[in-house]
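Observations on chain architecture
Now for the letters of each chain:
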Amino acid sequence: METTSGLQSKVVRDLAWLIQAPPVLSEHAGMQLLALPDAAAERATQDWLVSLDQDPQELLSALGAQSGVRRLGFYAAALTQFWLENGPSWDTRRSLSAVPLSSGRSRITAGQLKLVCLRPREALHVESSVKFFADASSEEAPDLGTSSYVGPFLHENLAWRLAEARRKVTCTESLSVQDFLRRELGQVQLRSVYFLKGYIFKPLEEFRRFRKLRSPPKEVNPECSTGWYTTDISAALNLTPGARLAVLPKLFWLGPAVARGDPPVILGEDLPGQQEAVATDWPDKVRQDVEEHFGKVQSALLLCELMPSTDGLWVEHSRGFVLPPVWDPTSLMTGQPQGMKSTAEHEPSAPDAPSKWSNQRRKYSERLADTARQPAPSLADAGVHIAVPQRLSEDLTAQHLTSYVLAAKSAARKGDGSRIQRKRLLHGAVQESEAATPGSVCRLVSEALQQLVEVSHPSDSHFLLELLVKPSEVGLAVRDCSLTFEAQPCAARRILDLGIAGGVCLRLAVKFAFRFQFSWDSVDTASAASLFEAALASDRSRLAGLVEYLAACSSLTLPVGSELSTAILQKLALPPADFAVLDLLCQHSPEHTMELTDILVSHGQLKLARKIEARRGDGSAPRVAVHESPEELPEIRLPAEVEVSLISDGCGLDALLQHLAEAGESVVGMDAEWKPWEGRGSDRGGSPVQLLQLAWAEVVYLLDMPALVADAELKLVQLLEILCSPSCILVGFNLEGDLRQLADSYPWLMSGAWRSTIEAVEMSGTSASLDGLCASVLGLRLEKSQQRSRWDLRPLSAQQLAYAALDAWVLLALLGARDSHLELPSLRTLASLPYGHAKRFTRRLELDGGVCAVASTLASLSQGKALQALVREHRSQVVVCKTLACVATLAAGARRLCLAVLPESAEMSLAQLTSSLGCASARLASTEELREHFRQPRGSVGPIGPALPSSASTDRRSRGACSCTVH
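Report follows, based on the coordinates. (Residues numbered from 1 in each chain as written. Predicted model: local features only at pLDDT ≥ 70, side-chain atom pairs only at ≥ 80, totals over all residues. Heavy atoms only, no water.)

**Here we look at the overall build of the protein**
- A count of helices and strands for the protein gives 35 helices and 26 strands.
- Contacts in the protein between residues far apart in sequence, at least 24 positions, make up 73% of those at least 6 positions apart.
- In the structure as shown, the protein presents an accessible area of about 44400 Å², 51% of it carried by carbon and sulfur atoms. (Helix = DSSP H or I, 4+ residues; strand = E, 2+ residues; numbered from the N terminus. Contact = heavy atoms within 4.5 Å. Areas by Shrake-Rupley, 256 points an atom, 1.4 Å probe, with all protein chains shown as cover.)

**Let's talk about the packing of aromatic side chains**
- According to the stated counting rule, one finds 21 aromatic pairs in the structure shown.
- With a centroid separation of 5.6 Å and 55° between ring planes, the pair formed by Tyr 229 and Trp 327 is classed as tilted. Placement of the pair is Tyr 229 in strand 6 (residues 226–230) and Trp 327 in the loop between strand 12 (314–322) and strand 13 (339–341), with a sequence separation of 98 residues.
- Trp 327 gets classed as buried once you look at its relative accessible area, which sits at 11%.
- Geometrically, the ring pair formed by Phe 512 and Phe 516 is stacked, given 6.5 Å between the ring centres and 15° between the ring planes.
- Owing to a relative accessible area of 0%, Phe 516 belongs among the buried residues under this scheme.
- For the cation-ring pair, Arg 244 lies above Trp 282, with the distance from its terminal atom to the ring centre recorded as 4.5 Å.
- Above the plane of the ring of Trp 314 lies Arg 244, whose end atom (NZ or CZ) is 5.9 Å from the centre. (Phe/Tyr/Trp six-rings, centres within 6.5 Å; stacked < 30°, edge-to-face > 60°. Buried < 20%, exposed > 50% of the residue type's maximum accessible area, 1.4 Å probe, protein only. Lys NZ or Arg CZ within 6 Å of the ring centre and 35° of its normal.)

**Here we look at the environment of Gly 312**
- Following the sequence through the fold, Gly 312 ends up in the loop between strand 11 (301–308) and strand 12.
- For Gly 312, a relative accessible area of 56% corresponds to the exposed category.

**As for the pairing of strand 5 (residues 189–203)**
- Most of strand 5 sits inside the fold, with 11 of its 15 residues counted as buried.
- Pairing analysis gives 13 bridges linking strand 3 (residues 122–135) to strand 5, with the strands arranged parallel. Bridging from a neighbouring strand, Val 130 pairs with Lys 197 of strand 5.
- The pairing of strand 5 with strand 6 spans four bridges and is classified as parallel. If you follow Ile 200 over to strand 6, its bridge partner there is Thr 226. (Pairing = 2+ DSSP bridges.)

**Focus on the sheet that holds strand 17 (residues 666–674)**
- With respect to topology, seven strands assemble into an open sheet ordered 16-19-18-17-20-21-22, the strand pairing being mixed. Two strands bound the open sheet, and with one partner strand each, they are strand 16 (643–647) and strand 22 (843–845). Direction aside, the axes of adjacent strands within the sheet are offset by 35° on average.
- Looking at chain direction, strand 17 and strand 20 (residues 728–732) are connected through four bridges and run parallel. The residue bridging Ser 666 from the neighbouring strand is Cys 728, located in strand 20.
- Together, strand 17, strand 18 (689–695), strand 19 (699–704) and strand 20 form the strand contacts of helix 25 (residues 713–723), whose direction differs from that of strand 20 by roughly 90°. (Axes fitted to C-alpha atoms, helices over the stretch in contact; angles between N-to-C directions.)

**Details of unusual backbone geometry**
- Omega for the bond connecting Asp 262 with Pro 263 falls within 30 degrees of zero, at 0°, which places this linkage in the cis form.
- Residue placement: Pro 263 occurs in the loop between strand 8 (258–260) and strand 9 (265–266).
- Phi at Ser 89 takes a positive value of approximately 80°, unusual for a residue other than glycine.
- Considering the arrangement of structural elements, one finds Ser 89 in the loop between helix 4 (72–86) and strand 1 (94–102).
- Under the relative-accessibility criterion, Ser 89 is labelled partly exposed at 34%.
- Its identity as a non-glycine residue notwithstanding, Asp 91 has a phi of 50°, on the positive side.

**Observations regarding the packing of helix 18 (residues 540–552) against helix 20 (residues 579–588)**
- The geometry of helix 18 relative to helix 20 is characterised by a closest axis approach of 10 Å and an angle of 40° between their N-to-C directions. The orientation of helix 18 with respect to helix 20, classified from their angle, is oblique. Relative to helix 20, the crossing made by helix 18 is left-handed. On the side of helix 18, the interface is formed by Ala 544, Val 547, Glu 548 and Ala 551, while helix 20 contributes Val 581, Leu 584 and His 588.
- Tallied by class, the residues present in the contact of helix 18 with helix 20 amount to five nonpolar, one polar and one charged. (Parallel < 35°, antiparallel > 145°, perpendicular 65-115°, else oblique. Left-handed = near helix turned anticlockwise from the far one by under 90°. Nonpolar A, V, L, I, M, F, W, Y, C, P; charged D, E, K, R; others polar.)

**Observations concerning the side chain of Asn 221**
- Along the chain, Asn 221 turns up in the loop between helix 7 (204–209) and strand 6.
- Judged by relative accessible area, which is 13%, Asn 221 ranks as buried.
- Among all residues touching Asn 221, those that are not within four sequence positions of it are Pro 22, Pro 23, Val 24, Leu 25, Ser 26 and Leu 213.

**Let's talk about the nonpolar core**
- Counting 71 residues, the largest nonpolar core has Leu 464, Phe 512 and Phe 532 as the members making the most contacts within it.
- Ranked by residues supplied to this core, first place goes to helix 18 with eight residues.
- When sequence neighbours within four positions are dropped, the list of residues in contact with Phe 512 reads Val 445, Leu 449, Ser 461, Leu 464, Leu 465, Leu 468 and Ile 495.
- Among the nonpolar cores identified, the runner-up in size contains 68 residues, and Leu 49, Leu 84, Phe 252 and Leu 306 belong to it. (Core = buried A, V, L, I, M, F, W, Y, C linked by side-chain atoms within 4.5 Å.)

**Digging into the pairing of strand 19**
- Taken across its six residues, strand 19 has six buried, putting it largely inside the fold.
- Because side chains alternate across strand 19, one face comprises the buried residues Val 699, Tyr 701 and Leu 703, and the other comprises Val 700, Leu 702 and Asp 704, equally buried.
- As paired strands, strand 16 and strand 19 are joined by five bridges and run parallel to one another. Across the sheet, the residue bridging to Leu 646 is Leu 702, located in strand 19.
- Across five bridges, strand 18 lies against strand 19 in antiparallel orientation. Within the sheet, the bridge partner assigned to Leu 691 lies in strand 19 and is Asp 704.

**A short note on the environment of Leu 406**
- You can see Leu 406 is positioned in helix 11 (residues 398–414).
- Accessibility expressed as a relative area gives 38% for Leu 406, which makes it partly exposed.
- Remark: the alpha-carbon pair of Leu 406 and Leu 452, spanning 46 residues in sequence, is separated by 8.3 Å.

**Some words on the packing of helix 17 (residues 525–536) against helix 18**
- Running from amino to carboxyl end, helix 17 crosses helix 18 at an angle of 160°, the nearest separation of the two axes being 8 Å. In terms of their interaxial angle, helix 17 and helix 18 are classed as roughly antiparallel. Crossing hand, helix 17 versus helix 18: right-handed. Between helix 17 and helix 18, the contacting residues are Ala 528, Leu 531, Phe 532, Ala 534, Ala 535 and Leu 536 on the first element and Arg 542, Leu 543, Leu 546, Val 547, Tyr 549 and Leu 550 on the second.

And the structure:
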């Protein structure tokens, strides 16, 4: 079959590898192995994979609906299940998965039926695994068979894995299991197979000479995928000249790695644990990181070599484990099945400064096993103690939902696995019921809620809501969820009436109404006042729910100066206040913003007060219901007469500077794009700005920042100077965040252009998101699908460029809407707001930290321009520096605060720093000391940002460092 490197999607490459890679086991393994029946099936599967690669959304949705795909074993099992349920040649009619089994009469889980597929003439039971083993045998050692193949983390040998596989496959010999499968699938022939894919890693020197296995045991396929392993870091990093290297997280261990871009990165997928791309680098940089890792944690790392291909990609050339020096496989090389486990008492203490991999160890590796484990009991007489069937045998009723809620709370508290099984059962039944009869789920939920009220369990009704959302989509807005449900008007109205009457939580009732896409009716002023009076006599949750309900009905108005309004604000602002509720209130009754801010300040909620304060003086009310589904609104389009210009060289910048000169005083929409933060383990601020968008009413300029920094740096500084001058009013959404990111990305540019304050209009004070602001102010939908795309890759797609241009340009239209008194002004008219009109909405923006604060300090000392001139004149001699805040302890116990300034590539020796200062010891400053003494947060200490010392001394002996000591 064909290789996987031509496939674009990572998940499809992983699936193709699982299907096409040579099996680890041979026909002598003592079990029937899963395989495609013939060459025709192989060709059909390859065609299916190519088609799936063109649109992998079906696969991504299936994986997203599975729990546990953040772990490698669950991820591989989910891919295998998708293949067997959807791939050609299998014709699977129905499947059962993860059926718990007990040993004998015990109720304790001892295993599970991983997957059973009902095919036309059989029920196919599949046990699958993905495993990685190191060949620890040698020519001198006796023949130890499969026990000489050991896991890189010393958790098991291959003999143990084979014994486990045989134990699991034989579970279908149990009469109890056979009876269960007959009840679920009918009278069909049962066949059990094993599916094991993975790698066997050879010693590095042997791998250099010959990649295939050397005289493997008969149970092992000599053609299986191979890699290398070593404890010698230098040998691992110099295996192939010209190769780039990457340390692979576990979820990247399946298919061969493919990197693209400049610098090349291995792209992930929009799945838990895979969003963050994996960087590649040259051996010297990887060596530094790997040595740092092993200096703190004794756990293996999987290293991948990549070489350039003819199509501009970097493709995997080899892979191997770099093992810690303490790695010793002898405890597993017993000639018998042997499993090991890691115990907490043997876990080393966490390092003070973990490496880039050791602080997220389960993502990259595991602790080495240290304690023997006992074999699991036989499943030959296993019992099936599944608490619920895998499919309802009758139509879904409200009683099913009520029973689930009543059992869910106690089951969750006890850790009873039956709740998960029942949830999966009802989740599927809910989808089937809605597909058969749209609106039926709304009616059933209404009846179930009424039953819960009658049995005094309304507070647990949130368990019903989780049945209406996929596990991977919990927390998403309704418009972003793939499951949709229609409202049955009378039933949805009953749900809301239960909430208003206090039978169930009103906030929960409103969420149900949104899930069912309910059409909201307006509420008259007198009725709203009556509802508020009743809510004030109840708890704050009911009052908050009433605000959400009236906002959805576009009926949230509070009379100015009334006792009722003051009482409502007072109760909602009690600590801890809910910003989402206060945000709704300010959107619909902006005249109360100032009063609400004062109340928050009086309660000490200053951070929340600052967020609310941005609404002062706005006075704009939503033109559409704030909760109206954006899908129902027309989409914003950039007017055809607006020109979009991509600038990537000095000539383009000349045209932009000419436009600025001709325009004179300008109102400029500004936005910036960079590679998005991808979750835990990635660096929030590590990605530089890739695209800077500048919009006028008639034209939008898109600045390719990396290209311009390389080609026209001085012109960029000139442009930024003009933008930061009083002749320009910058309009942005979270403009301060964009400017900070720009300054952090290119400090040498912003330090030369920044002024102490600039004229700015911040639009984010009236909404939590730009698309929400467009919906509420313009009544239009802003498409945001490109927001988290890969802005660091070139060339940018047409969709990315169109999105970026509109994101900046629409800010001008939104600002114009604040000033417009026209009935139906066009977007082009709104975007043409004159400078003098925009001036009324400006505020002075001042950045109180980082590069811009340093530039402001230099300017206040009249040193800014002189320093810029000095840098430009002696550019070749300029050294980019970094700083480290330190604390030195004298022999008498007194402390000295020290700021060490080093060249960017240099390392600081605390021992040499101690010697140069003549003190007893020196260490890095703690986070608290940084804030208290240096007046800077962690990661922000610059040579000027900290408090200036009363006296200072310098010492250049610390490996190129110049340390400035504060006395």
